[in-house]
Amino acid sequence: MANVVRHAPGATAEVRLSPADGALALTVRNGPPPGRAAAVESSGGTGQGLVGMRERVRLLAGTLDTGPTADGGYRVSAVLPLHGAATGTDPGAGPGADTDAGIDPGESTA
């Protein structure tokens, strides 16, 4: 959602969460920004962006698919395993892990 605000201020956005064969599928999709809206940040960001997302998803043994949509918007879709990562351990079981994020995997939000 931060990228939607940074790169397409004023655009509509949709977030979908759903279970997918032992994994959590997450998609964030935004429409095109209305008109020529000014960027919210002018600092150039942190430099992590999609590269950082790909690395974090890879560490969890998940997949990430990103790209523009036909209507001029953008889509980011990740599929993350619910149990264990590439190492065979539960990524949420570490010290200080938030074991109850308050998100129902079957819930969709808009």
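Basis of the calculations
Residues numbered from 1 in each chain as written. Predicted model: local features only at pLDDT ≥ 70, side-chain atom pairs only at ≥ 80, totals over all residues. Heavy atoms only, no water. Pairing = 2+ DSSP bridges. Helix = DSSP H or I, 4+ residues; strand = E, 2+ residues; numbered from the N terminus. Salt bridge = Lys/Arg side-chain N within 4 Å of Asp/Glu carboxyl O. Buried < 20%, exposed > 50% of the residue type's maximum accessible area, 1.4 Å probe, protein only. Contact = heavy atoms within 4.5 Å. pLDDT = per-residue confidence, 0-100.

Participant: I'd love a proper account of the pairing of strand β4 (residues 74–81), names of residues and values included.
Facilitator: Summarising the sheet, strand β2 (residues 23–30) and β4 pair through eight bridges and their orientation is antiparallel. By the bridge assignment, L26 is partnered in β4 with A78. Where strand β3 (residues 63–68) meets β4, six bridges bridge the pair, whose relative direction is antiparallel. Note that in β4 the partner of G67 across the bridge is R75.

Participant: Help me get a handle on the pattern of salt bridges, residues and values and all.
Facilitator: Under the counting rule described, the total for this entry stands at four salt bridges. The partner of R29 in a salt bridge is D71, with the nearest N and O atoms 2.7 Å apart. Of the two residues, R29 sits in strand β2 while D71 sits in the loop between β3 and β4, which places them 42 residues apart along the sequence. By relative accessible area, which is 29% here, R29 ends up partly exposed. Overall, the relative accessible area of 40% leaves D71 in the partly exposed class. Among the salt bridges present, the one from E55 reaches R58, with a minimum N-O distance of 2.7 Å. Taken together, the positions of E55 and R58, both in helix α2 (residues 49–59) and three residues apart, correspond to about one turn of that helix.

Participant: Hey, could you go over unusual backbone geometry for me, with residue numbers and the actual values?
Facilitator: Of note in the backbone geometry, D21 takes a positive phi value of approximately 50° without being a glycine. Within the secondary structure, D21 is located in the loop between β1 (13–19) and β2. Judged by relative accessible area, D21 falls into the exposed class, the value being 85%. One non-glycine residue with positive phi stands out, namely A61, at about 65°.

Participant: Would you mind going over the pairing of β1 in detail, with residue names and values included?
Facilitator: When β1 meets β2, the two strands line up antiparallel, connected through seven bridges. Counterpart to V15 in the pairing with β2 is V28. In this structure, the hairpin formed by β1 and β2 is closed by a connection of three residues, where D21 is found at a positive phi of approximately 50°.

Participant: Can you break down the environment of V28 residue by residue, with the values?
Facilitator: Topologically, V28 is positioned in strand β2. Sequence spacing of V28 and M1 is 27 residues, and the spatial spacing of their C-alpha atoms is 7.2 Å. Excluding its chain neighbours within four sequence positions, the residues that come into contact with V28 are M1, V4, E14, V15, Y74, R75 and V76.

Participant: With reference to specific residues and values, describe the confidence of the model for the protein chain.
Facilitator: In low-pLDDT regions, the fine details of the predicted coordinates are not to be read closely. When pLDDT is averaged along the protein chain, the result is 77; 65% of the residues meet or exceed 70. Below a pLDDT of 50 lies the segment residues 87–110, which in the model reaches 21 contacts outside its immediate sequence neighbourhood of four places, other chains included.

Participant: Can you break down the environment of V4 residue by residue, with the values?
Facilitator: The residue V4 is located in helix α1 (residues 2–7) in this model. Along the backbone, V4 and N30 are 26 residues apart, and their C-alpha atoms lie at a distance of 6.7 Å. Other than its neighbours up to four places away in sequence, V4 contacts P9, A13, V28 and N30.

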